[in-house]
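In case you want the letters, here they are:
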Amino acid sequence: MSELIVKYPDRAPDHFPLGRLRITIGRSARNDLCIPDPFASRVHAEVRREGDEYFLQDLGSANGTLYNGSSVEGVIPLGPGGRIQIGETEIVFDDGSYNSSMGATMITDNTTSLPEATIALASGDRTTSGLLEAIEGARTKPEDVAAAATARTGDLLALISKVGITLLASATLGETLEQIVSLVFEAVPADRCLLMMRSEGSSQRA
């Protein structure tokens, strides 16, 4: 059976079967399909069936209706995977042939070659920034990660060694502190540095 898939940013989508000849969509609970969208009109649009086809019509809503990015004027036919935009709510038309996971690679027991990296994205991270970070992480090869970690460890050990040498040098306290701060700024991209010292024979920091 054909259905409408209502997508939400914070939870799983709803599936609304198109079992009637005509259904209305809007913010009011009196609609067949009620969407809690502040930009939707009370009775916003309708989807109706004529034979084996389904058609979309805007019912004079205040903010209009989009179909596949274009404004709906009059009655337009719905196609598999067609995207209806009402306010901030996206509704996908599925006539049974549309696959919501279209474009994804399915891995089965018979798969001969596996992808180099797998992107695992929690539902709470399904944002543009979260997705970009996941893709960037997947693009980084394991050997690159290991090399970067080794480089960071080497830089840290070098910094500790230089600070130790500075502390053993014959210099005033002010000169020593200035040299340590200079070394820290060379290793860390920071604007400010705070040094905390403990007075001899006291548990409190100076």
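Residues numbered from 1 in each chain as written. Predicted model: local features only at pLDDT ≥ 70, side-chain atom pairs only at ≥ 80, totals over all residues. Heavy atoms only, no water.

Undergrad: So what's going on with the overall build of the chain? Which residues, and what values?
TA: A count of helical and extended segments in the chain gives 3 helices and 11 strands. Scanning the chain from its N terminus toward the C terminus, one meets helices and strands in the order β-β-β-β-β-β-β-β-β-β-β-α-α-α. Looking at the chain as a whole, 24% of its 206 residues qualify as buried. A fraction of 26% describes how many contacts in the chain between residues 6 or more apart in sequence connect residues 24 or more apart. If you sum the accessible surface of the chain, you get close to 14,600 Å²; carbon and sulfur atoms cover 53% of it. (Helix = DSSP H or I, 4+ residues; strand = E, 2+ residues; numbered from the N terminus. Buried < 20%, exposed > 50% of the residue type's maximum accessible area, 1.4 Å probe, protein only. Contact = heavy atoms within 4.5 Å. Areas by Shrake-Rupley, 256 points an atom, 1.4 Å probe, with all protein chains shown as cover.)

Undergrad: Let's hear about the nonpolar core: which residues, and what values?
TA: Within the largest apolar cluster, 21 residues are counted, with the highest numbers of intra-cluster contacts made by Leu4, Ile25, Val47 and Leu56. Among the secondary structure elements, those contributing two or more residues to this core are strand S1 (3-7), strand S3 (22-26), strand S5 (45-50), strand S6 (53-58), strand S10 (83-86) and strand S11 (89-94). Not counting chain neighbours up to four residues away, the residues in contact with Ile25 comprise Leu4, Asn31, Leu33, Ile35, Val43, His44, Ala45, Val47, Ile86 and Ile91. (Core = buried A, V, L, I, M, F, W, Y, C linked by side-chain atoms within 4.5 Å.)

Undergrad: I'd like a description of the side chain of Ser41, backed by residues and values.
TA: On the secondary structure map, Ser41 appears in the loop between strand S4 (33-34) and S5. The exposure class assigned to Ser41 is buried, which follows from its relative accessible area of 15%. Excluding residues that lie within four positions of it along the chain, Ser41 makes contacts with Gly26, Arg27, Ser61 and Ala62.

Undergrad: Report on the pattern of salt bridges, specifying residues and quantitative values.
TA: One pass over the full model with this rule turns up 7 salt bridges. Between Asp32 and Arg20 there is a salt bridge; the shortest N-O distance is 2.5 Å. Taken as a pair, Asp32 in the loop between S3 and S4 and Arg20 in the loop between strand S2 (14-17) and S3 lie far apart in primary sequence, 12 residues in all. Owing to a relative accessible area of 27%, Asp32 belongs among the partly exposed residues under this scheme. Judged by its relative accessible area of 51%, Arg20 falls in the exposed class. As a salt-bridge pair, Glu46 and Arg48 come within 2.7 Å of each other at their nearest N and O atoms. Note on Arg48: relative accessible area 21%, which makes it partly exposed. Within this structure, Arg22, Glu46, Arg48 and Glu50 form a network of salt bridges that share partners. (Salt bridge = Lys/Arg side-chain N within 4 Å of Asp/Glu carboxyl O.)

Undergrad: Just give me the short version of the environment of Val75, but keep the residues and values in it.
TA: Mapped onto the secondary structure, Val75 falls in strand S9 (residues 75-77). In this structure Val75 touches Arg48, Phe55, Leu56 and Gln57, once residues within four positions along its chain are discounted.

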